[in-house]
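Each chain, written out:
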Amino acid sequence: MRPMFGSSPEMCYPFSMKLHIGHVEPHAALLRVPPDGRHLYKVMKAEPAIASIASGYLHFNRVDRYVDFNGADPYDGAQLPEDLAANQAMAFASARTWTLADYYDQARERTFACCFSLKSSEHIWREYAQGAERGKIGMIFDFTRLRERLNATLNGARLQLANGEFADQIFSVNYGEIEYIDRTSFRANRELMQNPIIYTFMKEEKYKPENEMRIALSALGIGRFVLRDGSQLIFPD
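Below, the discussion takes up the overall build of the protein. Helix and strand counts for the protein stand at six helices and 14 strands. Dimensions of the protein along its principal axes, counting C-alpha atoms only, are 50 × 45 × 35 Å. Counted over contacts in the protein with a minimum sequence separation of 6, partners at least 24 positions apart contribute 79%. Summed over all atoms, the accessible surface of the protein reaches about 12,900 Å², with 52% contributed by carbon and sulfur. One finds the centroid of the 28 positive side-chain charges in the protein at a distance of 3 Å from the centroid of its 30 negative side-chain charges.

Structure representation (structure tokens):
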């Protein structure tokens, strides 16, 4: 397949090309990154916690699909209601029917998060890992070491897709503390239109007891990612 380039949101990114569009902390300046040495806490059901340790992985969820547990935020990573009208009014020069709001929605569909807490609180022990048949496990991470390990792993890495195919790295990794806001009244685009990563690190005030710090993996919110057989990549939950 021959790639198409330009300013159109319909341009294709074949995985056979060396695009190197996944980066390490490209938006750190826009986020509130924890200081070195900060402890992060994660409460998990025993079985997935043990599997994570044994197999050396962290589980990331697509931010628009947090519906699998009680109290999950259905608006995680979504653009704000007060921003919507202005976002819908802004279109791409080469695709007048594709708006900035469409771009934010597509970026959200390509963003994954792994969540931690900045405090080992009664709240996270009560609310997380509900229904655990074999108990809960609290894990403590040193932010500096976790950050260094993930950055080294993702820098120049190759992806293995569900079909077994290997692909170029398309995900950028970012770290930041969540900003808690009143979603019904807060407007982020009063002066400037926002980078979609800003929405990834905003949540409703009612979630403030979580004291969340998250790691985000996000692919470019414009264009389509096409596999070598010509089919379009569907980003899994």
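Read on for the rest.
This part takes up the confidence of the model for the protein. Per-residue pLDDT for the protein has a mean of 89; in total, 90% of the residues score no lower than 70. Counting contacts from residues 1-7, a segment whose pLDDT is below 50, to residues more than four positions away or on other chains yields 17 contacts.

The topology assignment puts Ser218 in strand β13 (residues 212-218). With relative accessibility at 12%, the residue Ser218 sits in the buried group. Not counting the four nearest positions on each side in its chain, Ser218 is found in contact with Arg110, Thr111, Ile170, Phe171, Ser172 and Ile197.

Axis separation between helix α2 (residues 81-89) and helix α3 (residues 100-109) bottoms out at 6 Å; the angle between their running directions is 115 degrees. What the angle tells us is that α2 and α3 run roughly perpendicular. On α3, the residues touching Leu84, Asn87 and Gln88 of α2 are Leu100, Ala101 and Tyr104. Of the residues assigned to the contact of α2 with α3, the class counts are four nonpolar, two polar and no charged.

A few words on the layout of surface pockets. Looking at the largest pocket, its volume works out to about 1,300 Å³. For the largest pocket, the lining is made up of 36 residues, of which Tyr57, Leu58, His59, Phe60 and Leu217 are closest to its centre. By residue number, the principal contributor to the lining of the largest pocket is helix α5 (residues 143-154), which donates six residues. Of the residues assigned to the lining of the largest pocket, the class counts are 24 nonpolar, seven polar and five charged.

The rules behind these values
- Residues numbered from 1 in each chain as written.
- Predicted model: local features only at pLDDT ≥ 70, side-chain atom pairs only at ≥ 80, totals over all residues.
- Heavy atoms only, no water.
- Helix = DSSP H or I, 4+ residues; strand = E, 2+ residues; numbered from the N terminus.
- Contact = heavy atoms within 4.5 Å.
- Areas by Shrake-Rupley, 256 points an atom, 1.4 Å probe, with all protein chains shown as cover.
- Lys, Arg positive; Asp, Glu negative; His and termini not counted.
- Charge placed at Lys NZ, Arg CZ, Asp CG, Glu CD.
- pLDDT = per-residue confidence, 0-100.
- Buried < 20%, exposed > 50% of the residue type's maximum accessible area, 1.4 Å probe, protein only.
- Axes fitted to C-alpha atoms, helices over the stretch in contact; angles between N-to-C directions.
- Parallel < 35°, antiparallel > 145°, perpendicular 65-115°, else oblique.
- Nonpolar A, V, L, I, M, F, W, Y, C, P; charged D, E, K, R; others polar.
- 1 Å grid on protein atoms, 1.4 Å probe; cavity = no way out; pocket = protein on both sides within 12 Å on 5 of 7 lines; lining within 4 Å.
- Points joined across faces, edges and corners; volume = space filled by probe spheres on them.

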